[in-house]
Amino acid sequence: MKTKGKPWQFFVVAVLIVAFAFTAFFGINTKYGDTTKIWVKGAEDIRFGIDIRGGVDVTFMPADDFDATDEQLSAAESVIKQRLVNLNITDNEVYTDFSKDRIIVRFPWKEGESDFNPEAAIQEIGATAVLTFREGKEVDGEGKPVGVTAENIILEGMDIARAVPSVDNSTNSPTYGQYYVALELNESGKESFAEATTRLAETHGVISIWMDDTLVSYPMVNSAITDGHAMITLNGSDEKTRDEAISLANKINSGALPFALTAEDYSTISPSLGANSLQAMVLAGLIAFVLVALFMIINYRLPGVVAVIALLGQTAMTLAFVSGYFPVLNSFTLTLPGIAGIILAIGMGVDANVIAAERIKEEIRSGKSVDGAIRSGFERGLAPVIDGNVTVIIVAVMLMGAFGPTDGFFAKMLKPIFFAFGPSTAGTIYSFGYTLLVGVLLNFVFGVISTRIMLKGISKLKCMRNPVLYGGVKNEKTV
């Protein structure tokens, strides 16, 4: 039985791998004047975590051991996100661990930033929210309240009992299916709110809602509200309006939080330290790849050359999954442990090729033909490769489930097992698990399938039929 294979298979697969690797590493972009259009993202477009780029990692908890509810933690998270935006920190990660009453915040330094004060930023982010309902919406050039709006505060956070996002389910209502925020007041706020709404309803005036001097909403008053129950209608029934209702309710509830946030612990990493770590890691990876390539070629000859091409493809594809190379996949934040995961996955790819190459060498030296040795080598080497990779896949999935964001796929799937874990290490161990999982899965594509196709193809070339090229000994007869 002859092993199937055509010479063109090697050249087609090899060219595709090299071309893909080039675009994955360098990307594709065009430049018109000062404007650069990115068509395909490359390695330079990878989003790096704070352990590389430098930044702040802080964990907030309710002060005085207050046992917060899930709704209260969601409201506190909404405040933190709003304050990060106010500080122009838009590239951030905010996770809420409801099981342990923790809010984990990570944000990197801005490009070229040198005078940022992390302690001041942490204090400002975790300060108790100041919520106010004011008359009108007069603002100055910076968007802060002035005039009547600054002077006439109708309600404060302590006057709000709760805010709940809701949808109008009354079929006879003109606003059927539309989202709104149901507002319930404490006794301390009913009288002042009744007086203000009675007066403003005559002219359909506005009551603006402010969070830390930031305007978050300005609903119009249509009728007097004297019973302490109000509706803030959003005039929409789509998913975007629903999200707006949830966000507004969280912001209002945050102003009525019965607890303050305190920074349990935080750490900062300087941009220079992170950049040095990245350079060292990349250099180590390049040196390791070159040494592995030399080892494979010297020890296994032609199968080693094919293995190096496959490893190049595996590395490039892993970076593509991280950088956002494929438009259907979001870019992933890469951390130093994530780079370690890539290197480890490459090691697994080397292991797969070593097993196949060793089998082929043994078959050649036992007297088999080149075709027979290649066929037997891959067949006998497949089982241990699958066993080794499957066990690593299981470990990677467990890491992503245990230490990933609580709303992630693997976290939800493994929640019954890892209910005690939260997302506190999502940016580090999770990144390691992600790159390791992607790399090992790609090992099946490149280390097993692509290697087999290329080796079978090149072995059909007359000049590549010498058993010595596959690990045989000179003047050795084959059958």
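The structure displayed is predicted, hence computed values, not measured ones.

Novice: Got a minute to help me understand the overall build of the chain in this structure?
Specialist: Of regular secondary structure, the chain possesses 13 helices and 15 strands. By residue count, 47% of the 479 residues in the chain fall in the buried class. The long-range fraction of contacts in the chain, counting pairs at least 24 apart against all pairs at least 6 apart in sequence, stands at 70%. Summed over all atoms, the accessible surface of the chain reaches about 24400 Å², with 59% contributed by carbon and sulfur.

Novice: Help me understand the sheet that holds strand β7 (residues 131–135) in this model?
Specialist: In sheet architecture, strand pairing relies on hydrogen bonds along the backbone and comes in two forms, parallel and antiparallel. Taking strand neighbours across the sheet as the criterion, the 4 strands line up as β8-β7-β11-β12 in an open arrangement whose pairing is antiparallel. Among the strands making up the open sheet, the edge pair consists of β8 (153–156) and β12 (214–217). The average undirected angle you get between the axes of adjacent strands in this sheet is 35°. Looking at chain direction, β7 and β8 are connected through 3 bridges and run antiparallel. Considered in β8, the bridge of R134 is made with I153. Each of β7, β8 and β11 (207–211) touches helix α6 (residues 187–201); the most contacted strand, β8, lies at about 140° to it.

Novice: What am I meant to see in the pairing of strand β4 (residues 55–62) here?
Specialist: Taken across its 8 residues, β4 has 7 buried, putting it largely inside the fold. One ladder, built from 8 bridges, connects β4 with strand β14 (residues 261–269); its direction is antiparallel. Bridge pairing in β14 links V58 to Y266.

Novice: Can you help me understand the packing of helix α1 (residues 7–26) against helix α13 (residues 429–458) in this one?
Specialist: Working note: a packed helix pair is described by the angle between its axes plus the distance between those axes. Where α1 contacts α13, the two axes come as close as 5 Å, and the packing angle between them is 135°. Taken together, the axes of α1 and α13 are oblique relative to one another. In terms of crossing hand, the pair formed by α1 and α13 is left-handed. Across the interface between the two elements, P7, Q9, F10, V13, A14 and I17 from α1 touch F446, S450, I453, M454, G457 and I458 from α13.

Novice: Mind showing me how you'd approach unusual backbone geometry here?
Specialist: Generally, phi is negative for residues other than glycine and the peptide bonds are trans, each holding for most cases. In the Ramachandran plot, D101 falls in the positive-phi region, its phi being about 55° despite a non-glycine side chain. Summarising the element assignment, D101 is placed in the loop between β5 (93–97) and β6 (102–108). Judged by its relative accessible area of 11%, D101 is buried. For R301, which is not a glycine, the phi torsion comes out positive at approximately 60°. As for its placement among the helices and strands, R301 is situated in the loop between α8 (271–300) and α9 (302–323).

Novice: Sorry if this is basic, but what is going on with a nonpolar patch on the surface here?
Specialist: Together, L283, I287, V290, L291, L294 and I298 line one region of the surface with nonpolar side chains, adding up to about 600 Å² of accessible area. Tracing the chain through its elements places L283 in helix α8.

Novice: How should I be thinking about the packing of aromatic side chains in this particular structure?
Specialist: To describe a pair of aromatic rings, one takes the distance between the centres and the angle between the planes. In total, this model carries 7 aromatic pairs according to the counting rule given. Measuring from centroid to centroid gives 5.1 Å for F20 and Y325, while their planes differ by 75°, and the two rings are edge-to-face. Note that F20 is positioned in helix α1 and Y325 in the loop between α9 and β15 (333–334), a separation of 305 residues in sequence. Here the basic side chain of K37 rests over the ring of W39, its NZ or CZ set 5.3 Å away from the ring centre.

Novice: Explanation requested: the sheet that holds β5 in the structure shown.
Specialist: Read from one edge of the open sheet, 4 strands run β5-β6-β4-β14, paired in antiparallel fashion. In this open sheet, the two edge strands, each paired with only one partner strand, are β5 and β14. Along the sheet, successive strands turn relative to each other by an average axial angle of 15°, direction set aside.

Novice: It is not clear to me how the environment of F48 should be interpreted in this structure. Could you clarify?
Specialist: With respect to the helices, strands and loops of the structure, F48 is situated in strand β3 (residues 47–48). For F48, a relative accessible area of 26% corresponds to the partly exposed category. The sequence separation of F48 and F332 amounts to 284 residues, and the corresponding C-alpha distance is 8.4 Å. In contact with F48, other than residues within four places in its own chain, are R53, L278, T333 and L334.

Novice: What is the right way to look at the environment of I103 in this model?
Specialist: Relative to the helices and strands, I103 resides in strand β6. We classify I103 as buried; its relative accessible area is 0%. Separated by 160 residues in the primary sequence, I103 and A263 have C-alpha atoms spaced 9.5 Å apart. Setting aside its immediate chain neighbours within four residues, I103 contacts V58, T59, F60, L73, A76, E77, I80, V94, Y95 and T96.

Novice: Sorry if this is basic, but what is going on with the pattern of salt bridges here?
Specialist: Enumeration according to the criterion identifies 14 salt bridges in this entry. Here E135 ties to R199 by a salt bridge, and the two come within 3.1 Å at their closest N and O atoms. Placement of E135 in strand β7 and of R199 in helix α6 is noted, with a sequence separation of 64 residues between them. Between K190 and E187 there is a salt bridge whose closest N-O contact spans 2.9 Å. Pair noted here: K190 and E187 are both in helix α6, with a separation of 3 residues, about one helical turn. Overall, the relative accessible area of 24% leaves K190 in the partly exposed class. Since its relative accessible area comes to 62%, E187 is described here as exposed. It is possible to trace a salt-bridge network through shared partners that takes in E135, E195 and R199.

Novice: Mind showing me how you'd approach helix α10 (residues 336–365) here?
Specialist: In an α-helix, one full turn covers 3.6 residues, which means residues spaced three or four apart are oriented alike. Taking 1.5 Å of rise per residue, the 30 residues of α10 would be expected to cover 44 Å, and the 43 Å separating its terminal C-alpha atoms lies within 8% of that figure. Just beyond α10, the residue with positive phi is G367, at close to 110°.

Conventions used here
Residues numbered from 1 in each chain as written. Predicted model: local features only at pLDDT ≥ 70, side-chain atom pairs only at ≥ 80, totals over all residues. Heavy atoms only, no water. Helix = DSSP H or I, 4+ residues; strand = E, 2+ residues; numbered from the N terminus. Buried < 20%, exposed > 50% of the residue type's maximum accessible area, 1.4 Å probe, protein only. Contact = heavy atoms within 4.5 Å. Areas by Shrake-Rupley, 256 points an atom, 1.4 Å probe, with all protein chains shown as cover. Pairing = 2+ DSSP bridges. Axes fitted to C-alpha atoms, helices over the stretch in contact; angles between N-to-C directions. Parallel < 35°, antiparallel > 145°, perpendicular 65-115°, else oblique. Left-handed = near helix turned anticlockwise from the far one by under 90°. Patch = residues over 30% accessible without salt bridge, like charges linked within 9 Å, V, L, I, M, F, W, Y side chains within 5 Å. Salt bridge = Lys/Arg side-chain N within 4 Å of Asp/Glu carboxyl O. Phe/Tyr/Trp six-rings, centres within 6.5 Å; stacked < 30°, edge-to-face > 60°. Lys NZ or Arg CZ within 6 Å of the ring centre and 35° of its normal. Expected span 1.5 Å × (residues − 1).

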